[in-house]
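# Understanding the architecture of this molecule
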Amino acid sequence: ISVSLRTYGTVTQQPTRERIGMELRFEHGNFDDARIVRTRVFMEEQGFQDEFDDIDDDPRTIHVTLYDANALVGCARTFPDPDRPDQPGRWVFGRLAVLPEARRGGFGAALLAESERLAREAGATEMHLHAQCRVTPFYERMGYAQYGPVELDEHVEHIWMEKLLDETGGRG
């Protein structure tokens, strides 16, 4: 027997011309919808072969999906760092994906902020992510700093980035 837990939230961001009058909704734990977005963005659009892993099935992993006027627009996930079990406050963010037709609407930033909030509620004090190098400016605007060497994840260059979290969600 499996139980699917869904909770709902709202985005707290400054309204833009595009956002006025739009209804945004998060779901937590809807892996079926996250799978749709990740398959389309990472596998079909970007050519990744190995998109899904055991982390997806870990009960500590938080899958976040975002809907705009009830239409699925994006997803992300966050989880305690499995390589650092001695550091329970260290979490990893990843698999941020927004469908092509929904990009440039602030959805990526909303998904990241919601994921950070949920991780903080679960005890995270720092967030790490393995960013595609082409999108590091986005994460830098969100308070992340690069560390370590550039690495290939399949055929795409990635680099590790980190951010300290505090109670208000800012840089610690």
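Just so it is clear, the model here is predicted, and its values are computed rather than measured. (Residues numbered from 1 in each chain as written. Predicted model: local features only at pLDDT ≥ 70, side-chain atom pairs only at ≥ 80, totals over all residues. Heavy atoms only, no water.)

## So, the pattern of salt bridges
- The tally for this structure, following the rule as stated, stands at 15 salt bridges.
- For Asp-53, the salt bridge is made with Arg-95, and the minimal N-O distance between the two is 3.3 Å. With Asp-53 in the loop between helix 1 (31-45) and strand 3 (62-68) and Arg-95 in strand 5 (residues 90-98), this residue pair connects regions lying 42 residues apart in the sequence.
- A salt bridge links Arg-60 to Asp-58, with the nearest nitrogen and oxygen atoms 2.8 Å apart.
- Here the salt bridges share partners, and the residues they tie into one network are Arg-38, Glu-51, Asp-53, Asp-56, Arg-77 and Arg-95. (Salt bridge = Lys/Arg side-chain N within 4 Å of Asp/Glu carboxyl O. Helix = DSSP H or I, 4+ residues; strand = E, 2+ residues; numbered from the N terminus.)

## Observations regarding the environment of Glu-101
- One can find Glu-101 in the loop between strand 5 and helix 2 (107-121).
- Judged by its relative accessible area of 55%, Glu-101 is exposed.
- For the pair Glu-101 and Val-73, spaced 28 residues apart in sequence, the C-alpha to C-alpha distance is 8.2 Å.
- Reaching out from Glu-101, the side chain makes a polar contact with the side chain of Arg-40 at a distance of 2.7 Å. (Buried < 20%, exposed > 50% of the residue type's maximum accessible area, 1.4 Å probe, protein only. Polar contact = N/O pair within 3.5 Å; in protein donor to acceptor, adjacent residues only side chain to side chain.)

## With respect to helix 2
- Along its 15 residues, helix 2 runs 21 Å from first to last C-alpha, staying within 8% of the 21 Å computed at 1.5 Å per residue.
- Of the residues trailing helix 2, Gly-123 is marked for its positive phi of about 110°. (Expected span 1.5 Å × (residues − 1).)

## Quick notes on a negative patch on the surface
- On the surface, a cluster of negative charge is contributed by Asp-50, Glu-151, Asp-153 and Glu-154.
- By the element assignment, Asp-50 lies in the loop between helix 1 and strand 3.
- Using a relative accessible area of 59% as the deciding quantity, one classes Asp-50 as exposed. (Patch = residues over 30% accessible without salt bridge, like charges linked within 9 Å, V, L, I, M, F, W, Y side chains within 5 Å. Areas by Shrake-Rupley, 256 points an atom, 1.4 Å probe, with all protein chains shown as cover. Lys, Arg positive; Asp, Glu negative; His and termini not counted. Charge placed at Lys NZ, Arg CZ, Asp CG, Glu CD.)

## Details of the pairing of strand 3
- With 7 of 7 residues buried, strand 3 lies mostly within the body of the structure.
- In strand 3, alternate side chains face the same way, and those of Ile-62, Val-64, Leu-66 and Asp-68 on one face and His-63, Thr-65 and Tyr-67 on the other are all buried.
- The pairing of strand 2 (residues 24-28) with strand 3 spans 5 bridges and is antiparallel. Following the sheet pairing, Glu-27 is matched in strand 3 by Thr-65.
- Note: strand 3 against strand 4 (residues 71-80), 7 bridges, orientation antiparallel. Within the sheet, the bridge partner assigned to Ile-62 lies in strand 4 and is Thr-78.
- Count of turn residues in the strand 3/strand 4 antiparallel hairpin: 2 residues, of which Ala-69 carries a positive phi of about 50°. (Pairing = 2+ DSSP bridges.)

## Overview of the confidence of the model for the protein
- Here the protein averages 86 in pLDDT, and 84% of its residues register 70 or above.
- Residue range residues 1-17 is modelled with pLDDT below 50. Its contacts to residues more than four positions away, or to other chains, number 26 contacts. (pLDDT = per-residue confidence, 0-100. Contact = heavy atoms within 4.5 Å.)

## What about the environment of Val-150?
- Topologically, Val-150 is positioned in strand 7 (residues 145-153).
- Between the C-alpha atom of Val-150 and that of Gln-132, which follows or precedes it by 18 residues, the distance is 9.4 Å.

## A few points about helix 1
- Across its 15 residues, helix 1 extends 20 Å between first and last C-alpha, which sits within 8% of the 21 Å expected from 1.5 Å per residue.
- The axis of helix 1 is deflected most strongly, by about 30°, at Thr-39.
- Buried within helix 1 are the following residues: Phe-31, Asp-33, Ala-34, Val-37, Arg-38, Val-41 and Phe-42.
- Residues of helix 1 that are buried sit in contact with strand 3, strand 4, strand 5 and strand 6 (126-132).
- Just downstream of helix 1, Gly-47 is the residue with a positive phi angle, here 80°. (Bend = angle between axes of the 7 residues up to and from the residue.)

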